[in-house]
Amino acid sequence: MQIYLVGGAVRDRLLKRPIKDKDFVVVGATVAEMIDAGFQQVGADFPVFLHPTSHEEYALARTERKQGSGYKGFSVHASPDVSLEDDLRRRDLTINAMAIEVTSLTDDTPINGQVIDYYGGLQDLKDKTLRHVSSAFSEDPLRVLRTVRFYSRYYDLGFTIADDTLTLMRQLVDTGELAHLSAERIWQESSRATMQLSPQVYWQKLFEIGALTEYFTPLHHAWDNVQIRETVQTALYFAGQMHLNLSQRWALLMTSLTSSLFTSENSDSTSNVSTAIKNINAIGNTAKVPKAHTQFATLFAQQAEKLSTINSLNAAEKIDLIQACGAHKEPDKLSQLLVCSHVLKLATQHRQMMLALNSFHAIGMTDIAPDLKGPAIGAALRQSRIEHLQAQQ
């Protein structure tokens, strides 16, 4: 019997990041031997056991074979003759397919600390690349979301997704396999990604590969508008930097559906907000979003315009806003809504200035008359940059 620390614990140890959970693979053991050692078996699909004192997960080495649709359509083979190499081959990414042998079932001290790496995980960690282990990646649609979540998690470290892995992800989306995922798993991956330091990366990548169309269709359509997409992505970035809670981040993402917040053309704001709320609730139902987050997002959509003009509201309007937000019962909620409003305003300002910066850099000496001299050069550059920016807006 040999016991190995595997997966995320090995990866995060090498990245010098906090290890939240430890998972182990046991090679050469039977179910009976694990139970006799005091482990409690859990899970109906394959033999996974909880340690009698630490309650960490120990799984018998196993292989899988695709037999149906979705992430549940697998038959599992677990027996003492399954090797560690066989077990690691079924994992999603190379950086999650490494192992370190530990002393015993009761002592998880590494024997020598040597990393067992059959599939190039160490090199991919060095290169900061998320790469699939094998073609079996295509058999599990959940890996599309997991890979993008890891991309969001390690984006600040400079990680990218390998081109061939992105190709497989797009193919999985195109085949409609994501439709076989449960809404609960969709939300589990999406909510975890949304709480990362760079949550915008998760949603942007899903949009790029067409993966929003199944469970977040209204969001996909809204993001066809570049102004909305870029502003909300920036808002999510600020939300991550400011450590906003999940309800606030979800509300900022859902503002994508309220186009009146992003345009000066406000002819039918009430109708726009009403449609947005219907779509927020539709996404909440489809993706099994907890009601608290949907309700907060709905409230923000309803009150976003008033929250953005607090200084110009009269006394009656402020009292009405308190009532509408329920701030007389939950003052913290009003504070959270105001923070969301400021973040969205900051994102709008940031995008406007980034457009101005792009226009500034887009115009150079080759874009003005070559015979200009002295101060006329600066004046011509300034005017050309202004005209370039006006054309972009």
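The coordinates are above.
S.K.: When you look at unusual backbone geometry in this model, what are you seeing that I'm missing?
M.R.: When glycine is set aside, most residues are seen to have a negative phi, and most peptide bonds are trans. In the Ramachandran plot, Lys-16 falls in the positive-phi region, its phi being about 60° despite a non-glycine side chain. Looking at the secondary structure, you find Lys-16 in the loop between helix 1 (8–14) and strand 2 (23–27).

S.K.: Can you help me understand the nonpolar core in this one?
M.R.: Most often, soluble globular proteins have nonpolar side chains that are buried together. Membership of the largest hydrophobic core comes to 94 residues, with the highest contact counts inside it found for Trp-203, Phe-216, Trp-250 and Leu-252. Top element by residues in this core is helix 13 (residues 291–307). It accounts for 7 residues. Residues in contact with Trp-250, not counting those within four places in the same chain, are Trp-187, Trp-203, Phe-216, Ile-283, Val-289, His-293, Thr-294 and Ala-297. Counting residues in hydrophobic clusters, the runner-up holds 13 residues, among them Val-82, Ala-99, Tyr-119 and Val-133.

S.K.: Would you explain the pattern of salt bridges in this entry?
M.R.: Opposite charge on two side chains lets them pair, provided their charged atoms get close. Evaluated as defined, the whole model comprises 15 salt bridges. Residues Asp-86 and Arg-89 are paired through a salt bridge, measuring 3.0 Å at the closest nitrogen-oxygen approach. With Asp-86 and Arg-89 both in helix 3 (residues 84–89), this residue pair falls 3 residues apart, about one helical turn. By relative accessible area, Asp-86 is classed as partly exposed at 25%.

S.K.: Can you help me understand the packing of helix 10 (residues 226–241) against helix 15 (residues 331–362) in this one?
M.R.: The relative placement of two packed helices is expressed as an angle between their axes plus a distance between the axes. Their axes nearest at 8 Å, the elements helix 10 and helix 15 cross at an angle of 125°. Judged by the inter-axis angle, helix 10 sits oblique to helix 15. The element helix 10 and its partner helix 15 pack so that their crossing is right-handed. Of helix 15, the residues touching helix 10 (which contributes Val-226, Gln-227, Glu-230, Thr-231, Thr-234, Ala-235, Phe-238 and Ala-239) are Val-343, Leu-344, Leu-346, Ala-347, Thr-348, His-350 and Arg-351.

S.K.: Looking at this structure, I do not really get the pairing of strand 8 (residues 98–104). What am I missing?
M.R.: When a strand is regular, its side chains alternate between the sheet's two faces. As paired strands, strand 1 (residues 2–6) and strand 8 are joined by 4 bridges and run antiparallel to one another. Following the sheet pairing, Ile-3 is matched in strand 8 by Val-102. Pairing geometry for strand 8 and strand 9 (residues 107–117), over 5 bridges, is antiparallel. Considered in strand 9, the bridge of Ile-100 is made with Val-115. Here strand 8 folds back onto strand 9, and the loop between the two strands holds 2 residues.

How each quantity is defined
Residue positions are given per chain, counted from 1 along the sequence in the order it is written. The model is predicted, so local features are restricted to residues of pLDDT at least 70 and side-chain atom pairs to those at 80 or more, both for listing and for counting; the totals for chains, interfaces and linings are taken over all residues. Calculated side-chain values reflect all of the structure's heavy atoms, with hydrogen atoms and water omitted. The helix count covers DSSP runs of H or I at least four residues long, the strand count covers runs of E at least two residues long, and both are numbered beginning at the N terminus. Joining through side-chain atoms within 4.5 Å is the link that ties buried Ala, Val, Leu, Ile, Met, Phe, Trp, Tyr and Cys residues into a set, and such a set is a nonpolar core. Exposure is judged per residue with a 1.4 Å probe applied to protein chains only, and the accessible area is read against the type maximum: over 50% gives exposed, under 20% gives buried, and values in between give partly exposed. We call two residues in contact when some of their heavy atoms are within 4.5 Å. We count a salt bridge whenever a side-chain nitrogen from Lys or Arg sits within 4 Å of a carboxyl oxygen from Asp or Glu. In this analysis, axes come from line fits to C-alpha atoms, helices being fitted only over the stretch in contact, and the angle between any two N-to-C directions falls in the range 0 to 180 degrees. Roughly parallel refers to an angle under 35 degrees, roughly antiparallel to one over 145, roughly perpendicular to one between 65 and 115, and oblique to any angle outside these ranges. Left-handed describes a crossing in which the near helix is turned anticlockwise from the far one by less than a right angle; the clockwise case is right-handed. Whether two strands pair comes down to DSSP finding at least two bridges between them.

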